[in-house]
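This is what each chain is made of:
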Amino acid sequence: MKDTISPLFSQYILDGVQMDETPFSALYDCLDGNGTVDVPEGPFEDIVDEYLDRKPISCEYDPEKIDAYVQAILRSSRNSRRVNTDYPVTWTRNAISAALLDCIFREGHFTLQDILLIARWDWNNEPAGNLAAFYDSTVTAGRYLFDLGVKLDRYFVESNHRDCLLELELRNRISLRRKCPDTISGNAADWLVYIPFDNSPRSLGGSALSTVIGNGTGAETDSQDPDYFIDCYEVVRELVEDGVITAGIPVGYGGLITAAEKFRGRNGFTLDAGNLMAATGENDIVKLLFSETPGIIAQIRDEDYDYIDSQFLLQEIAYYPLGHPDRDSRCVKVTSGNRSGVAGILDSLLKNS
């Protein structure tokens, strides 16, 4: 690549259309007041690239293979920084959400706006379409962080990597210690509840399932509502600080079912997806379980159930009771409540690998 071209500072022409901003300008407004970026001397030549057509869906997913899908995703978690360049917008938003949800169960008093992130893009610029994906990733990051009120301490862009990676690190402004554990206790009276931080339709486009299993791509999530994410974050943070949430885990890479498998620890539980299916209108159990809608699974005491119900109702935040811990089980059993038809008889048992 010519020295007069800069992925960060050049203007972009994508599919013949000149973009309104550069990656640098998109990220600049998210820098913390003490953050700086070295600006090399220009001018820089325009970058001309194009969006590539996504690969067609090759086959459907099998609900009877949910266990195999989960285990494959768990084995692939080390690759979770690798950007799916077919879906840079959704992937980047989900990566930011995951970084923020990673610290929601920490000790201390802080808000979403107290979090400071460090971002690093290591990018392979050579194949056609990769710089278009880089542009979408950086611009999406800038806009989403700005809407959330989250600042970047600094960011780095490195080129000529063999993969396209995005890594987000937390600047040590808040405690590294957790307020509550990330696996459930075996109290059978406790409740396990799912709180999605976004209400967009479920999709498998760009998900770990579609990437790891390789059965095609699927539709991309249309949008995320940053205001709703902020509302959810604030309410959950308060519940964590007050000790109402006694254990919790983020839902992100691999979706709800992968988080549930991690969360169960040495216990198990029956994950009742019936309420979630009814609320979303989604009858595809695989899509429901593996779509990567940001959120959390939390454990609460039975005596606190009415309290959290009132708090979520007051803030107009949706939550879904999943079931109760079962210390005699060592698996996550998925049911769909009293729903009829194929979804109603689904009974997928996730066993230890």
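Residues numbered from 1 in each chain as written. Predicted model: local features only at pLDDT ≥ 70, side-chain atom pairs only at ≥ 80, totals over all residues. Heavy atoms only, no water.

Novice: What should I look at first to understand the sheet that holds strand E10 (residues 295-300) in this one?
Specialist: Think of a sheet as strands paired side by side through backbone hydrogen bonds, with each pair either parallel or antiparallel. Spatial ordering of the open sheet is given by E8-E10-E7-E11, a layout of four strands whose pairing is antiparallel. Here the strands that pair on one side only, and so sit at the sheet edges, are strand E8 (245-251) and strand E11 (320-323). Taken pair by pair, the neighbouring strands of this sheet meet at an average axis angle of 25°, ignoring direction. As defined by bridge partners, strand E7 (residues 191-196) adjoins E11 across three bridges and the pair is classed as antiparallel. Residue Leu-192 lies in a different strand from E11, and its bridge partner there is Gly-323. Those strands touched by helix H6 (residues 226-241) are E7, E8 and E10, and its axis lies near 150° from that of E8. (Pairing = 2+ DSSP bridges. Helix = DSSP H or I, 4+ residues; strand = E, 2+ residues; numbered from the N terminus. Axes fitted to C-alpha atoms, helices over the stretch in contact; angles between N-to-C directions. Contact = heavy atoms within 4.5 Å.)

Novice: How should I be thinking about a negative patch on the surface in this particular structure?
Specialist: A grouping of Asp-147, Asp-225, Asp-227, Asp-231 and Glu-234 is seen on the molecular surface, where their side chains present a negatively charged patch. For the negative patch, the leading source of residues is H6, giving three residues. Note on placement: Asp-231 falls in helix H6. (Patch = residues over 30% accessible without salt bridge, like charges linked within 9 Å, V, L, I, M, F, W, Y side chains within 5 Å. Areas by Shrake-Rupley, 256 points an atom, 1.4 Å probe, with all protein chains shown as cover. Salt bridge = Lys/Arg side-chain N within 4 Å of Asp/Glu carboxyl O. Lys, Arg positive; Asp, Glu negative; His and termini not counted. Charge placed at Lys NZ, Arg CZ, Asp CG, Glu CD.)

Novice: How should I be thinking about the nonpolar core in this particular structure?
Specialist: Inside soluble globular proteins, nonpolar side chains tend to come together where they are buried. In this structure, Leu-100, Phe-197, Tyr-233, Ile-245 and Ile-296 are the most contacted members of the largest nonpolar core, which totals 68 residues. It is helix H4 (residues 130-148) that provides the largest number of residues to this core, a total of ten residues. If we ignore the near neighbours within four places in the chain, the residues touching Leu-100 are Leu-112, Ile-115, Leu-117, Leu-148, Val-150, Phe-229 and Tyr-233. (Core = buried A, V, L, I, M, F, W, Y, C linked by side-chain atoms within 4.5 Å. Buried < 20%, exposed > 50% of the residue type's maximum accessible area, 1.4 Å probe, protein only.)

Novice: Just checking my understanding: could you explain helix H3 (residues 88-101) for this structure?
Specialist: Note on helix geometry: an α-helix contains 3.6 residues per turn, so any two residues three or four positions apart are oriented the same way. Here H3 spans 20 Å end to end across 14 residues, near enough to the 20 Å set by a 1.5 Å rise per residue. H3 sits mainly inside the fold: twelve of its 14 residues count as buried. Taken together, the buried positions of H3 are occupied by Pro-88, Thr-90, Trp-91, Thr-92, Arg-93, Asn-94, Ala-95, Ile-96, Ser-97, Ala-99, Leu-100 and Leu-101. Contacts made by the buried residues of H3 are with strand E4 (116-123), H4, strand E6 (165-170), H6, E8 and E10. (Expected span 1.5 Å × (residues − 1).)

Novice: Looking at this model, I keep getting lost on the pattern of salt bridges. Mind explaining?
Specialist: If charged atoms from side chains of opposite charge come close, those side chains can pair. Applying the stated criterion across every chain yields a total of twelve salt bridges. A salt bridge links Asp-163 to Arg-82; its shortest N-O distance comes to 3.6 Å. Of this pair, Asp-163 sits in the loop between strand E5 (151-159) and E6 while Arg-82 sits in the loop between helix H2 (66-75) and H3, placing them 81 residues apart in sequence. Since its relative accessible area comes to 39%, Arg-82 is described here as partly exposed. Asp-163 is paired through a salt bridge with Arg-162; the nearest N and O atoms lie 3.8 Å apart. Here the salt bridges share partners, and the residues they tie into one network are Arg-82, Arg-162 and Asp-163.

Novice: Sorry if this is basic, but what is going on with the sheet that holds strand E3 (residues 47-49) here?
Specialist: Across the sheet, which stays open at both edges, the three strands sit in the order E2-E1-E3 with mixed pairing between neighbours. Each end of this open sheet is capped by a strand with a single partner; those strands are strand E2 (17-18) and E3. Alignment of strand E1 (residues 12-14) against E3, held across three bridges, turns out to be parallel. The residue bridging Ile-13 from the neighbouring strand is Val-48, located in E3. Taken strand by strand, H4 contacts E1 and E3, and its axis lies near 115° from that of E1.

Novice: Explanation requested: the side chain of Ser-329 in the structure shown.
Specialist: Structurally, Ser-329 is set in the loop between strand E12 (325-326) and strand E13 (332-335). Ser-329 has contacts with Arg-266, Asn-267 and Gly-268, leaving out every residue within four places of it along the chain.

Novice: How should the confidence of the model for the protein chain be read in this particular structure?
Specialist: Residues at a pLDDT of 70 or more form 89% of the protein chain, whose mean pLDDT is 87. Of all the helices and strands in the protein chain, helix H11 (residues 341-345) carries the lowest mean pLDDT, 33, while E10 carries the highest, 98. Considering only residues more than four positions removed or in separate chains, one finds that residues 338-353, a stretch of pLDDT under 50, has 39 contacts. (pLDDT = per-residue confidence, 0-100.)

Novice: Looking at this model, I keep getting lost on the packing of aromatic side chains. Mind explaining?
Specialist: What describes a pair of aromatic rings is the distance from one ring centre to the other and the angle between the planes of the rings. On inspection of all chains with the given rule, the structure shows 15 aromatic pairs. Residues Phe-24 and Tyr-28 carry aromatic rings whose centres are separated by 5.6 Å and whose planes lie at 50° to one another, so their mutual orientation is tilted. Placement of the pair is Phe-24 and Tyr-28 together in helix H1 (residues 23-28), with a separation of four residues, close to one helical turn. Summarising the aromatic geometry, the rings of Phe-197 and Phe-229 are spaced 5.3 Å apart at their centres and angled 75° between planes, so their arrangement reads as edge-to-face. In this pair, Phe-197 is assigned in the loop between E7 and helix H5 (208-213) and Phe-229 in helix H6, connecting sequence segments 32 residues apart. Taking the relative accessible area as the measure of exposure, Phe-197 reaches 1% and is therefore buried. Three or more aromatic residues link up through ring pairs in this structure, and these residues are Phe-9, Phe-24, Tyr-28 and Phe-44. The lysine or arginine in question, Arg-120, covers the ring of Phe-156, its NZ or CZ lying 4.5 Å from the ring centre. The aromatic ring of Phe-110 is capped on one face by Arg-237, whose charged end is 3.8 Å from the ring centroid. (Phe/Tyr/Trp six-rings, centres within 6.5 Å; stacked < 30°, edge-to-face > 60°. Lys NZ or Arg CZ within 6 Å of the ring centre and 35° of its normal.)

Novice: Could you clarify how one ought to interpret helix H10 (residues 305-314) in this entry?
Specialist: Along H10, the residues that are buried comprise Tyr-305, Ile-308, Gln-311 and Phe-312. Each buried residue of H10 sits inside an arc of 130° when the element is viewed along its axis, so together they form one side. The exposed residues of H10 that point more than 90 degrees off its buried face are Asp-306, Leu-313 and Leu-314. On the buried face of H10, the contacting elements are E7, H6, E10 and E11. Looking one or two places after H10, you find Glu-316, whose phi comes out positive at around 55°. (Arc of directions from axis to C-beta.)

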